[in-house]
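Here is how the chains run, residue by residue.
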Amino acid sequence: MRVKCVLCDKVEEIDDGSPHAKKLRNRRNTMHLCSECSERISLRTNERKATGNFNLYREKKTDEPLI
């Protein structure tokens with residue numbers, strides 16, 4: 001399967017049977033990042049976390065059922 005990175009427009013070939021390829025086929029809004037872009041983003045995110053000015057906002061989970 002040929003996929004294109006959404007950031008750098010690099011075209012890569014991935015195995016058709018891989019879980020990532022299946023996710024891309026079944027969920028059309030899932031994006032593909034090449035390994036270089038993914039590494040760059042994770043490196044810069046970790047650098048921002050190290051400064052102490054990085055806030056990660058997560059949704060609060062409640063155990064109460066919706067009625």
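Figured I'd write up the structure that's included with this text. All chains use their own residue numbering, which begins from 1 and follows the written sequence. Under the rules for a predicted model, residues below a pLDDT of 70 receive no local features and side-chain atom pairs below 80 are neither given nor counted, while totals for whole chains, interfaces and linings still include all residues. In computing side-chain properties, one takes all heavy atoms of the structure into account and sets aside hydrogens as well as water.

A separate point is the pattern of salt bridges. Whenever Lys or Arg places a side-chain nitrogen within 4 Å of a carboxyl oxygen from Asp or Glu, that contact is recorded as a salt bridge. Tallied over the entire structure, the rule returns two salt bridges. Residue Glu-12 is joined to Lys-10 by a salt bridge in which the shortest nitrogen-to-oxygen separation is 4.0 Å. The cut-offs for exposure are 20% and 50% of the maximum accessible area for each residue type, with area from a 1.4 Å probe on protein chains only; residues under the lower value are buried, those over the upper are exposed, and the others partly exposed. Given the relative accessible area of 31%, Lys-10 is considered partly exposed.

Numbering of helices and strands runs from the N terminus; a helix is a DSSP stretch of H or I covering at least four residues, while a strand is a stretch of E covering at least two. In this scheme, a helix's expected span is set at 1.5 Å multiplied by one less than its residue total. The terminal C-alpha atoms of helix α2 (residues 35-51), which comprises 17 residues, lie 25 Å apart, in line with the 24 Å expected from a rise of 1.5 Å per residue. One or two residues past the end of α2 sits Gly-52, with phi positive at roughly 90 degrees.

Summarising the element assignment, Cys-8 is placed in the loop between β1 (2-4) and β2 (11-13). A C-alpha to C-alpha distance of 7.7 Å links Cys-8 and Cys-37, two positions 29 residues apart in sequence. In this view, Cys-8 contacts Cys-34 and Cys-37; residues no more than four positions away in its chain are not counted. Contacts: residue pairs with any heavy atoms within 4.5 Å of one another.

Glancing now at unusual backbone geometry. Phi angles above zero are rare outside glycine, and Asp-9 is one such case at about 60 degrees. Looking at the element boundaries, Asp-9 is found in the loop between β1 and β2. Assessed through its relative accessible area of 48%, Asp-9 is described here as partly exposed.

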